[in-house]
Amino acid sequence: MKIDLSGKPIAITGASSGIGHATAIACAQMGMPVAVMARRADRLEQLVERIRSSGQRAVHLVGSVDDADACCRFIERCASEFGSIYAVFANAGYAIEQPVAEMSIEAVRQNFEVNFFGSLNVIKPALWRMQERGAGHILWCSSCLSRASLPGYASYCATKSAQNQFARAMRLELKAQGIYVSSIHPVGTRTELFDVIERQSPGGASLIDRSRDWTFQPPERVARAVVRCLRRPRAEVWLSTPLRLAMALGVAAPGLADAIIDLLARKRAGGQGISSSGE
Ligand SMILES: NC(=O)c1ccc[n+]([C@@H]2O[C@H](COP(=O)([O-])OP(=O)(O)OC[C@H]3O[C@@H](n4cnc5c(N)ncnc54)[C@H](OP(=O)(O)O)[C@@H]3O)[C@@H](O)[C@H]2O)c1
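Now for a description of the structure that goes with this document. None of the values given here were measured: they were computed from a predicted structure. (Residues numbered from 1 in each chain as written. Predicted model: local features only at pLDDT ≥ 70, side-chain atom pairs only at ≥ 80, totals over all residues. Heavy atoms only, no water.)

**Digging into the overall build of the chain**
1) Next: Of the regular secondary structure elements, the chain holds 9 helices and 7 strands.
2) Next: Taking 19 Å as the expected radius of gyration for a compact globule of 279 residues, we find that the chain reaches 19 Å, a close match to that expectation.
3) Next: Out of the 279 residues in the chain, the part that is buried amounts to 51%.
4) Next: Across the chain, the fraction of contacts at a sequence separation of at least 24, relative to all contacts at a separation of at least 6, is 72%.
5) Next: Of the roughly 13200 Å² of accessible surface on the chain, 53% is carried by carbon and sulfur atoms.
6) Next: When the 33 basic and 25 acidic side-chain charges of the chain are each reduced to a single mean position, those positions are 10 Å apart. (Helix = DSSP H or I, 4+ residues; strand = E, 2+ residues; numbered from the N terminus. Rg over C-alpha atoms; globule rule 2.2 N^0.38 Å. Buried < 20%, exposed > 50% of the residue type's maximum accessible area, 1.4 Å probe, protein only. Contact = heavy atoms within 4.5 Å. Areas by Shrake-Rupley, 256 points an atom, 1.4 Å probe, with all protein chains shown as cover. Lys, Arg positive; Asp, Glu negative; His and termini not counted. Charge placed at Lys NZ, Arg CZ, Asp CG, Glu CD.)

**Structural notes on a positive patch on the surface**
1) Next: On the surface, Arg221, Arg224, Arg228 and Arg234 cluster together into a positively charged patch.
2) Next: You can call arginine 221 partly exposed: its relative accessible area is 35%. (Patch = residues over 30% accessible without salt bridge, like charges linked within 9 Å, V, L, I, M, F, W, Y side chains within 5 Å. Salt bridge = Lys/Arg side-chain N within 4 Å of Asp/Glu carboxyl O.)

**Topic: the environment of methionine 32**
1) Next: Looking at where methionine 32 falls in the secondary structure, it is placed in the loop between helix H1 (18–29) and strand S2 (34–38).
2) Next: Considered as a pair, methionine 32 and glutamine 110 are 78 residues apart in the sequence and their alpha carbons are 32 Å apart.
3) Next: Residues within four places of methionine 32 in sequence aside, it is in contact with Leu5, Gly7, Lys8, Ile10, Cys27, Arg57, Tyr86 and Leu230.

**Some points on the nonpolar core**
1) Next: If you look at the biggest cluster of nonpolar residues, it comprises 55 residues, and the most contacted ones within it are Ile10, Ile12, Val34, Val36, Phe89 and Leu230.
2) Next: Not counting residues up to four positions away in its chain, the partners in contact with phenylalanine 89 are Ile10, Ala11, Ile12, Thr13, Ile19, Thr23, Leu139, Trp140, Cys141, Ile184 and Val226.
3) Next: Ala90, Met130, Leu174 and Val196 belong to the second-largest nonpolar core, a separate cluster that totals 36 residues. (Core = buried A, V, L, I, M, F, W, Y, C linked by side-chain atoms within 4.5 Å.)

**Some details on the packing of H1 against helix H2 (residues 41–53)**
1) Next: Interhelical geometry of H1 versus H2 gives an angle of 20 degrees and a closest axis separation of 10 Å. On the basis of their axis angle, the class for H1 and H2 is roughly parallel. With respect to the hand of their crossing, H1 and H2 are arranged in right-handed fashion. Residues His21, Ala24, Ile25 and Ala28 of H1 form the contact with H2, whose participating residues are Leu47, Arg50 and Ile51. (Axes fitted to C-alpha atoms, helices over the stretch in contact; angles between N-to-C directions. Parallel < 35°, antiparallel > 145°, perpendicular 65-115°, else oblique. Left-handed = near helix turned anticlockwise from the far one by under 90°.)

**Topic: the sheet that holds strand S4 (residues 87–90)**
1) Next: With parallel pairing, the 7 strands of this open sheet are ordered in space as S3-S2-S1-S4-S5-S6-S7. The strands lining the two open edges of the sheet, one partner per strand, are strand S3 (58–62) and strand S7 (236–238). Averaged over all neighbouring strand pairs, the angle between strand axes comes to 15 degrees, with direction disregarded.
2) Next: Sheet analysis places S4 next to strand S5 (residues 136–141), joined by 4 bridges and oriented parallel. Bridging across to S5, phenylalanine 89 finds its partner in leucine 139.
3) Next: Sheet contacts for H2: S2 and S3; angle to S3, the most-contacted strand, approximately 175 degrees.
4) Next: Running at roughly 175 degrees to S5, helix H4 (residues 105–133) makes contact with strand S1 (10–13), S4, S5 and strand S6 (179–185) of the sheet. (Pairing = 2+ DSSP bridges.)

**A look at the layout of surface pockets**
1) Next: Of the voids in this model, the second largest pocket is the one considered here, and its volume is about 150 Å³.
2) Next: Lining the second largest pocket are Gly18, His21, Ala22, Ile25, Ala26, Gln29, Arg50, Pro219, Glu220, Ala223 and Arg224.
3) Next: Contributions of two or more residues to the lining of the second largest pocket are made by H1 and helix H7 (219–231).
4) Next: Looking at the lining of the second largest pocket, its residues break down into 5 nonpolar, 3 polar and 3 charged. (1 Å grid on protein atoms, 1.4 Å probe; cavity = no way out; pocket = protein on both sides within 12 Å on 5 of 7 lines; lining within 4 Å. Points joined across faces, edges and corners; volume = space filled by probe spheres on them. Nonpolar A, V, L, I, M, F, W, Y, C, P; charged D, E, K, R; others polar.)

**Comments concerning the packing of aromatic side chains**
1) Next: Counted under the stated rule, the structure contains 6 aromatic pairs.
2) Next: Measuring from centroid to centroid gives 4.9 Å for phenylalanine 116 and phenylalanine 117, while their planes differ by 75 degrees, and the two rings are edge-to-face.
3) Next: A relative accessible area of 37% means that phenylalanine 117 is categorised as partly exposed.
4) Next: Feature note: the residues Phe112, Phe116, Phe117, Trp140 and Phe166 constitute an aromatic cluster, connected by ring pairs.
5) Next: The positively charged end of lysine 8 is found above the aromatic ring belonging to tyrosine 86, 5.5 Å away from the centroid. (Phe/Tyr/Trp six-rings, centres within 6.5 Å; stacked < 30°, edge-to-face > 60°. Lys NZ or Arg CZ within 6 Å of the ring centre and 35° of its normal.)

**Observations regarding the pairing of S3**
1) Next: With 5 bridges joining them, S2 and S3 adopt parallel strand pairing. Directly across from alanine 35, in S3, lies its bridge partner valine 59.

That's the geometry; what it means functionally is another story.
What follows is the structure in structure tokens.
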């Protein structure tokens, strides 16, 4: 049976661009009141204005997801503005390309603060609200890289795996309480994530080839998949079936999978591969 989403409020982090932005619009089109959070105020104001001008309800809170108090205020804002909270999409995240030997522990920690703990910072207060009502849906924006690691992306992949593991455990914990938990696993998506990687990676982003952007999916495709998942809850949403099957290879034959990834990464990086400068 499909869930009628109309009137069911959702809180979305990382909605100032990309997947979060597209999902906010897609959810509003389903009649969901939408609360959005990110650091760029102007982008959020434009998004809220756009949703309101289409006749739907929207509010925003400017803040960083690594600020637990701001995340609590965000969820409270959603609940007080719309009367309740039905769903939360913990989507804010970023990546840096850097070999482990060169990446500071602080940089790894900060990546976890945003991608993993930043997700938990909104999910926990939303969960308490859902438990009061005995209904809700928690969605983690993980990645296809939750099950496969790329050289240079150890930190990012680890944050995405951690999200995935939490989602799996929470799904079992909350099943009997009427609260769904899903993880979303996008493949390459045309968003500002890659600009951030290029900007923030100290040695540049050699695995990113912008001339191949056309092979990426648009964020609206992920947004539609999120809405489908909200309507018919599923454990995991994969945006590429072949890739999902390839992940099974990684479990059955990790050495072979690593060799294939290494080959592809070297090809992408112009034969150099990603290695620390000490090698
Ligand atoms: N693009 C892909 O190929 C791909 C593939 C798999 C998974 N994903 C995942 O999809 C999610 C969304 O990324 P995207 O591709 O849509 O990239 P994006 O366009 O760069 O969006 C990232 C969003 O996160 C927000 N954000 C970043 N740091 C934040 C912080 N500290 N506090 C609050 N918000 C923060 C950004 O807003 P502000 O800068 O305004 O704060 C932005 O709205 C991420 O979790 C990413 O890991 C993306």
